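Examination of the molecular architecture
Here is what each chain is made of, one letter per residue.
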Amino acid sequence: MEYSFFLGCLIPSFQPYVESATRKVFGKLGIVVHDIEGASCCPPTDIPRIADELMWITLAARNLALVEKLGYDVFAVCSGCFETLMEAKKILKENKEVNEKVNQILSNYGLEYAGKVKVKNVLEVLYDDVGLKKLEETIVKPLTNIKICLQPGCKLRKFDELNLPEKLKKIAEVIGCQVIPYKSERICCGFPTSFLNLDFAYRERSKVKLDEIKSAGADCIVLVCPACLNQLEMAQLKLKDEGLIYDIPCINLLELIAIAQGFSATSIGSIYRRIRPTKLINKIEGKTHG
Amino acid sequence: MEENLQLYPLRKDLKGFLPPQFRISISNILSIGHVQEFVDIWKGRRVKIGLSDIPPTAYKHEFATKQIQDIAKRLMFDKKIGFDLEKRRLKY
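This text gives an overview of the structure that appears in the document. Just so we're clear, the structure is a prediction, and the values are computed from it rather than from any experiment. (Residues numbered from 1 in each chain as written. Chains lettered and ligands numbered in written order. Predicted model: local features only at pLDDT ≥ 70, side-chain atom pairs only at ≥ 80, totals over all residues.)

1. Some thoughts on the interface of chain B and chain A
In this complex, chain B contributes 34 residues to the contact, which on the side of chain A involves 36 residues. Elements supplying a minimum of two residues to the side of chain B that touches chain A: α2 (20-32), α3 (41-48), α4 (62-74) and α5 (77-81) of chain B. With 7 residues, α4(B) is the largest single contributor of residues to the side of chain B that touches chain A. Each residue belonging to the side of chain B that touches chain A can be placed in one class, and the counts come to 21 nonpolar, 9 polar and 4 charged. (Contact = placed C-beta atoms within 7 Å. Helix = DSSP H or I, 4+ residues; strand = E, 2+ residues; numbered from the N terminus. Nonpolar A, V, L, I, M, F, W, Y, C, P; charged D, E, K, R; others polar.)

2. Section: the sheet that holds strand β6 (residues 178-179) of chain A
Residues and elements named next belong to chain A. With parallel pairing, 4 strands are arranged side by side in an open sheet as β6-β5-β7-β8. Edge positions in the sheet fall to β6 and β8 (250-252), since each has one partner strand and no second. Summarising the sheet, strand β5 (residues 147-151) and β6 pair through 2 bridges and their orientation is parallel. Its bridge partner being in β6, I148 is matched across the sheet by V179. Lying over the sheet, helix α10 (residues 164-174) contacts β5, β6 and β7 (220-223), oriented at roughly 160 degrees with respect to β5. (Pairing = 2+ DSSP bridges. Axes fitted to C-alpha atoms, helices over the stretch in contact; angles between N-to-C directions.)

3. Points about the nonpolar core
Residues and elements named next belong to chain A. Core analysis: the biggest nonpolar cluster contains 118 residues, and L85 and I221 have the highest contact counts within it. No other element matches the 10 residues that helix α4 (residues 53-70) contributes to this core. When residues are assigned to domains, this core turns out to be shared by domain 1 (2-123) and domain 2 (139-284), each giving three or more. (Core = buried A, V, L, I, M, F, W, Y, C linked by C-beta atoms within 7 Å. Buried ≥ 20, exposed ≤ 12 C-beta atoms within 10 Å, placed from the backbone. Domains from an automatic or database assignment.)

4. Here's the deal with the pairing of β7(A)
All names here are of chain A. Burial along β7 is two-sided: C220 and V222 and I221 and L223, pointing in opposite directions, are all buried. The pairing of β5 with β7 spans 4 bridges and is classified as parallel. Residue pairing for β7: L150 is matched across the bridge by V222. Taking the sense of rotation as the criterion, the β-α-β connection linking β7, helix α13 (residues 226-240) and β8 turns out right-handed. (Right-handed = clockwise from strand over helix to strand, strands pointing away.)

Right under this line is the structure:
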């Protein structure tokens, strides 16, 4: 199996532990990952699209054209990048006029988008292409002693037919985690509203989730979306100033898979984050009992 | 306006149509190809965990940023949002 890896912005520049974990997990599974040299921001559907839809789709199509040049299906870990590439692909397929305009511009750089490659979420690659059985075979240290709450995020739910939140749960269970359900699991982390009202985002969205997750007794929040990770970490720091202590690490699923495959948290870079998961790592490594 | 700016370079647009919350993100996309800046501190950390020091994207490849700016110019997006392609920043 070979794929192009769409990195996006936030993962390589601020959450490199996710990139590192993804490469390690895929390597262990025998999957070859190709870098898309010169790929840019996806760009997010909700930001540049407000300014100019044709600009948005041309940049997205440029990324897809670079993928086509490589010749492998592309996967994204970032839920925002996945959403953009999926939406752009759909529009380029359905709207001939836009497709022509975009390709005319791309031709100036020797690029063409013909719609040949598939866009996949990392969860689809792991669940559908690799399969839970093969994934389980690579697990050497099942994480049976940790309890987690999931944060699938809004964008995974946008593509109903792919059933991505369920795949997130099944994969977490296969690596041994005990998944604890909580009432506000379907609620947004607050990130999109943070552009307009930071206080609302922290209090009416992030805090609601954090309160329930803390009550549920989870060792960590597991997610795939880098924006959710960012938001739930920042909210904890902000609320700490007001005396509300959560201290719940936000961990990308790929990091947990890598740890379950035998990689150390240090080699992944899991310590390079705002809320260090020291307690969680100690618990996984059996240094404390919880 | 262009002519006036030649004569009076310190005069610049006072506002644009972009909502303030999105200015930095859109300006970053046009100036570096990404919404998030890449800070040097991550270079060493990336190498320590087995990654290339600079991500192999527009962060590393100047040609990518140039293509994005050229696309903006062709679609007159730079004019629309008041982005100075030479200075790589919004005019307001």
